[in-house]
Amino acid sequence: QRGWSGAGAMRATLAGITLTALLAAGSVGAGERPQGGGRPARRHLADAPRGNWAQLGWLGTENPCNIEQVDLLSVAMFRELFKGRKPVVFRAGDGAFRNETTRQALLAEYGSIDVTLSSSNSFSAGRMDTTLGDYIESFMMEQGPDSRANESWYLFGDTRGPEWLRLQSQYQPPLDGPLDDPAVSLGLGGLGSGVSFHTHGPAFAETVHGSKRWFLSPPARRPDFHPNESSVAWVHNRWLPAFIRQCPMASASPAACATLDESGWRSPVDMLECTVPAGSAIYIPDGWWHATLNMGDWNVFVSTFTHEPPTEREDPRGEEL
């Protein structure tokens, strides 16, 4: 059964977080960096530092979101209002697939299968082969603002073995209707992981476990970023200073700056932003810049890539592209 409690569910995912910890987050561990782009030292998840992320919530408790959110997204509504035009966050969630992708279930059923990791920078150029169990136990560690995307390994998009495809085949895409030639890709990430800004074709991205913060910009508005800058580093080095310039009291009282008013959330970096919790999905139109930041300890997510005929792109802020 699909569950949705609107903005309240999203707010709950970030409760009890402060911005002050992020300002001093140089002590947040990112794991041991690989030398020369090689394999990082093997380390169990339990050994990773956990303290600062428990208090990190630069978004406060309100989940400031300036992306349109709907409860039930019908095929007709999607085609009329969003397809090829602008992002939307909507209710989703396959309960059976959620049960199949708990940490315990994946380790028990699929822990020994081979998977291919990719680097989490804009190009996703690096590749590494390992087992799913090794990735979960040794790579899904908390990442902090000192992490580099080209040195961080991520499970998403490059695994094609029969067991993995069997697991993916159990997933039901989030839109209750036919999609244009869909291709499904399953991923896992730890706290603070994510992918730097990049673009691709149209896609639906569902959060199955955990929560994921999205930063999006229309195709003609390339964000200010370095391809090897991790998402959490970008938030710390670029988003956060802009947030504090916009609202100086944020360093002491983030909740005072992260509330919604009549005009909605004003992104400090002039982007569309939203946190998508478990049981929800987001639609990304063709060619939109986007970066992601995983906010939970255990994050499982599925992207469904589709093909769409060319359409006139429209900036949701009223400017033609």
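Cut-off values and rules
- Residues numbered from 1 in each chain as written.
- Predicted model: local features only at pLDDT ≥ 70, side-chain atom pairs only at ≥ 80, totals over all residues.
- Heavy atoms only, no water.
- Disulfide = S-S within 2.5 Å.
- Helix = DSSP H or I, 4+ residues; strand = E, 2+ residues; numbered from the N terminus.
- Buried < 20%, exposed > 50% of the residue type's maximum accessible area, 1.4 Å probe, protein only.
- Pairing = 2+ DSSP bridges.
- Axes fitted to C-alpha atoms, helices over the stretch in contact; angles between N-to-C directions.
- Salt bridge = Lys/Arg side-chain N within 4 Å of Asp/Glu carboxyl O.

**So, the state of the cysteines**
Link 1 in the chain: Considering all chains together, one arrives at 1 disulfide under this definition.
Link 2 in the chain: With its sulfur 2.1 Å from that of its partner, C65 forms a disulfide with C274. For the disulfide bridge between C65 and C274, the dihedral angle about the S-S bond is near -100°, and by the sign convention the bridge is left-handed. Of this pair, C65 sits in the loop between α2 (20-23) and β1 (69-70) while C274 is found in strand β9 (residues 272-277), placing the two residues 209 residues apart along the sequence.
Link 3 in the chain: Accessibility expressed as a relative area gives 11% for C65, which makes it buried.
Link 4 in the chain: On the basis of relative accessible area, C274 is assigned to the buried category, the value being 0%.

**A short note on the sheet that holds strand β11 (residues 289-294)**
Link 1 in the chain: If you trace the 3 strands from one edge of the open sheet to the other, you get β9-β8-β11, paired in antiparallel fashion. At either end of the open sheet lies a strand with only one pairing partner, and these are β9 and β11. Shown here is a sheet whose adjacent strand axes are inclined to one another by a mean of 20°, direction ignored.
Link 2 in the chain: Pairing analysis gives 6 bridges linking strand β8 (residues 211-217) to β11, with the strands arranged antiparallel. Paired with K212 across the two strands is N294, which belongs to β11.

**With respect to the pattern of salt bridges**
Link 1 in the chain: Taken as a whole and judged by the stated rule, the model has 8 salt bridges.
Link 2 in the chain: As a salt-bridge pair, R103 and E137 come within 3.2 Å of each other at their nearest N and O atoms. On the criterion of sequence distance, the pair formed by R103 in helix α5 (residues 103-110) and E137 in helix α6 (residues 132-139) is long-range, its members being 34 residues apart.
Link 3 in the chain: For R103, a relative accessible area of 25% puts it in the partly exposed group.

**As for the sheet that holds strand β12 (residues 299-305)**
Link 1 in the chain: Spatial ordering of the open sheet is given by β1-β2-β10-β7-β12-β6-β5-β3-β4, a layout of 9 strands whose pairing is mixed. Pairing within the sheet leaves two strands with one partner each, and these edge strands are β1 and β4 (127-131).
Link 2 in the chain: Bridge count between strand β7 (residues 203-209) and β12: 6 bridges; the pairing is antiparallel. Considered in β12, the bridge of F204 is made with T304.

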